[in-house]
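Listed below, chain by chain, are the residues.
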Amino acid sequence: MPSTTETSTAVRDQGGAANAAPSGPPPSRARRPNRWLAWGFLAPVTIYLVAFYAYPLYRNVELSLREYTVRSFVQGGAPFAGLDNYRTVLTDPAFGPTLTHTVVFTAASLAFQFTIGMALALFFYNHFPLSRTLRALFLVPWLLPLIVSASTWSWLLNSDSGLVNSALGVVGIDPVNWLTSPGWSLTSVIIANIWIGIPFNLVVLYSGLQAIPTEMYEASALDGATGWQRFWGITFPLLRPVSLITLLLGLIYTLKVFDIIWIMTKGGPTSSSATLATWSYRLGFGNLLPEFGPGAAIGNLLIVLALVAGLVYIRIERRQQLR
Amino acid sequence: MTTSTPRAWWKTGVGLVLTGLMLFPVYWMINVSFTRDQDMRASPPHLFPTNGTLDGYRAVLDQQLPYLGTSFLVGLGTVALTVALAAPAGYALAKLRPPGGPALSFVLLIAQMIPGIIMAMGFYAIFLTLGVLNTLPGLILADTTLAVPFAVLIFTAFMSGIPDELLQAAVVDGAGQLRTFWSVVLPVSRNSIVTVSLFAFLWSWSDFIFASTLAGGGDHQPITLGIYHYIGNNNQQWNAIMATAVVASIPAAVLLILAQRYVSMGVTAGAVKD
């Protein structure tokens, strides 16, 4: 950064001038070097964003608009194909089911993660001996590498010797082919994903609960409100902003989920647990003959979904800050 | 405080049961990692590693050390690059408030929402051209994208809380902005640096999608790929797979114990405004 010494002197001058004489140089002139200095601090991250976010995204759009083969991927010269790849993907018989799986996976995960997380947050809100330690332990599933959680769940749900099936056997239920039957594979990956998502919901909702003033509860206790009435009358409404943000962040994260499904079922059997994310990966990297064009097209559809959720998130966040 | 009433202890009991249920899969992973091959398909399964074996861990030592080493190097590189990029940016956004700053924060928020598979495909195309596919620097660069936007937002939030007087005092003493940043802002921001480093390390340590797409064909493969290949090639030796999983979880466990409050700070900082 060749300009830093220059600009920092300018800032020092500005600081000195402001201290010595309030009637010094007009703020607009004095502020200009400061502005460039700020962008000096921001330059690395800006360049980084362009090189490692914007450019890969651009490359991805380009991939989706051309007809790539392995050869043209390495050597260049892939012909422009317009929206052909999008047409291929949208008319693929797998598109409908995959979109449905994505929606079911996301909706079921969110519903259970949120309700369980909320129940646990309310439970831990009543401080009791060891509550801090136990709450910290609840974070473990969230901190474990996803491949660890996914392989552990694969073993627990193993058809022949998994613990889940032997436990079901004890109560007299026949073993279920959790990961290898098309009817159960989606349920299995949803169960694992709920387990992984509970800690996040717990921590965020718990911190939301802590922000509710205790006087509100004291007042309602004087009025003789029951626990249930307190929850629906005070906690739930006051927690609504935090709940919304938890759900939206959950939505954005869940749309992205790839590792768990890929490691547990590879989206199978016969794409019965495939989502948009695993489908895109399969096309681009999971085959001997990669189909980068359609893979990138699915990726771009996924990003549109994530961005819509993201924009809703930002709108809500903004509105809350204004309050 | 009602800490030692009988009612509170009753709640501790319920809490212990709930925590036990939640952590049962983790316990099971540890249990299986000590189980002998011939007991693996026992029915009913052994709830404790009776006749425990260290075979799984021996296999880890024999086969997984290079993977662990790679993950460690990639993690350190990711932490260093993330902090170096994000700390100055956080300072500028929090204290220098340049025009265009809010727009940049907006871009960072959006950047966090991009699914990994899309980044992976774009990176693959770029890395192929640059010739950094299957290299450590390539993987480090890709893994930083998991942490940088989050890191800038954390630094911005934290550094906004530094009193202006402290910075003005430094300026009055004749320090330039660079000097102020280096000798005043960074030392005071130690907590946020710990939080950011913790998450950057954990995320790069657990990254699977970039590892499998950008480093899958190289000599330097991280531990997530080590486990993945293990499951693929060798789904008989579950004690070795689970032993690797246990070893791969150690950083998370250590960080959770050492830096509990930073962890919850990090989880909430991204989502909730004070």
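The model shown is predicted, which means the values in this text are computed figures rather than measured ones.

About the thresholds
Positions within a chain are numbered from 1, following the residues in the order the chain's sequence is written. Chains and ligands are labelled sequentially in the order written, the chains with letters from A and the ligands with numbers from 1. Predicted model: local features are reported for residues with pLDDT of at least 70 only, side-chain atom pairs are reported and counted for 80 or more only, and whole-chain, interface and lining totals are derived from all residues. Each side-chain value is worked out from all heavy atoms of the structure, with water and hydrogens disregarded. Secondary structure elements follow DSSP: runs of H or I of four or more residues count as helices, runs of E of two or more count as strands, with numbering from the N terminus. Relative accessibility thresholds used throughout: buried, under 20% of the residue-type maximum; exposed, over 50%; partly exposed, between the two (1.4 Å probe, protein chains only). In this analysis, two residues are considered to be in contact whenever any of their non-hydrogen atoms come within 4.5 Å of each other. The Shrake-Rupley method, run with a 1.4 Å probe sphere, supplies the accessible areas, and residue values consider only the shown protein chains as cover. Per residue, pLDDT measures the predictor's confidence, with a range of 0 to 100. UniProt positions are given in the numbering used here, feature names are shortened, and annotations may be inferred rather than shown by experiment. The term buried area means the drop in 1.4 Å probe accessible area that two parts suffer when joined, counted for both and summed. By salt bridge we mean one thing: a side-chain nitrogen of Lys or Arg within 4 Å of a carboxyl oxygen of Asp or Glu. Each polar contact in these results corresponds to two N or O atoms within 3.5 Å; when the atoms are within protein, one needs to be able to donate a hydrogen and the other to accept it, and residues that are neighboring in sequence are counted only if both atoms are side-chain atoms. Asp, Glu, Lys and Arg are counted as charged, while Ala, Val, Leu, Ile, Met, Phe, Trp, Tyr, Cys and Pro are counted as nonpolar; the rest, among them Gly, fall into the polar class. Here a patch means residues that are over 30% exposed by relative accessible area and free of salt bridges, tied together within 9 Å if like-charged and within 5 Å if nonpolar (Val, Leu, Ile, Met, Phe, Trp, Tyr). Pairs were defined over the aromatic rings of Phe, Tyr and Trp, the Trp ring being its six-membered one, requiring ring centres within 6.5 Å. Orientation was assigned from the angle between planes: stacked under 30 degrees, edge-to-face over 60, tilted for the rest. When the NZ atom of lysine or the CZ atom of arginine is within 6 Å of a ring's centre and also within 35 degrees of its normal, the charge is said to sit over that ring.

On to the overall build of chain A, then. In terms of helices and strands, chain A carries 15 helices and zero strands. The proportion of buried residues among the 323 residues of chain A is 51%. Long-range contacts, defined here as pairs at least 24 residues apart, represent 65% of the contacts in chain A between residues at least 6 apart. About 15,300 Å² of surface is accessible on chain A, with carbon and sulfur atoms providing 65% of the total.

All right, on to the confidence of the model for chain B then. Residues and elements named next belong to chain B. In the predicted model, chain B carries a mean pLDDT of 87, and the fraction of residues at 70 or more is 95%. Confidence, expressed as mean pLDDT per element, reaches its minimum in chain B at helix 13 (residues 260-269) with 73 and its maximum at helix 3 (residues 65-96) with 95. Under the prediction, the complex receives an ipTM of 0.88, its pTM being 0.87.

Residue and element names in this part refer to chain B. Per the UniProt record, "transmembrane region" (unreviewed entry) is annotated on residues 12-30, 72-94, 106-127, 139-159, 180-205 and 238-259. Secondary structure content for residues 12-30 is 100% helix and 0% strand, and the end C-alpha separation is 25 Å. Secondary structure content for residues 72-94 is 100% helix and 0% strand, and the end C-alpha separation is 32 Å.

With 97 residues of chain A at the contact, the number on the chain B side is 98 residues. Interface area, chain A with chain B, both sides summed: about 8,600 Å², of which 81% is carbon and sulfur. Interface area lost by chain A to chain B is led by Phe41(A), Tyr53(A) and Trp155(A), which between them contribute 9%. At the boundary of chain A with chain B, the tally comes to zero salt bridges. In this assembly, chain A and chain B are joined by 10 residue pairs in polar contact (both at pLDDT 80 or more). Element by element, the count of residues in the side of chain A that touches chain B is highest for helix 2 (residues 27-65) of chain A, at 20 residues. When grouped by side-chain class, the residues that make up the side of chain A that touches chain B number 66 nonpolar, 21 polar and 10 charged.

Our next topic: a nonpolar patch on the surface. A cluster of nonpolar side chains, Val70(A), Val74(A), Leu289(A) and Leu128(B), forms an exposed patch at the surface whose accessible area comes to about 370 Å². Within the secondary structure, Leu289(A) sits in the loop between helix 14 (276-285) and helix 15 (292-322).

Throughout the structure, instances matching the rule amount to 42 aromatic pairs over all chains. Between Tyr48(A) and Phe52(A) the ring centres are 5.2 Å apart and the planes differ by 45°, which places this aromatic pair in the tilted class. Here Phe52(A) and Tyr48(A) lie together in helix 2, a separation of four residues that amounts to about one turn. The buried category is assigned to Tyr48(A), whose relative accessible area is 4%. Judged by its relative accessible area of 17%, Phe52(A) is buried. Between Tyr281(A) and Phe285(A), the aromatic rings sit 5.6 Å apart at their centres with planes inclined by 40°, giving tilted as the arrangement. Of the two residues, Tyr281(A) and Phe285(A) are both situated in helix 14; the distance of four residues between them amounts to about one turn of the helix. Of the two residues, Tyr281(A) and Phe285(A), both sit in the buried class. Taken together, Phe258(A), Trp262(A), Tyr281(A), Phe285(A), Phe292(A), Tyr124(B), Phe208(B) and Tyr228(B) form an aromatic cluster joined through their ring pairs. We note Arg135(A) situated over the ring of Tyr206(A); from NZ or CZ to the ring centre the distance is 3.9 Å.

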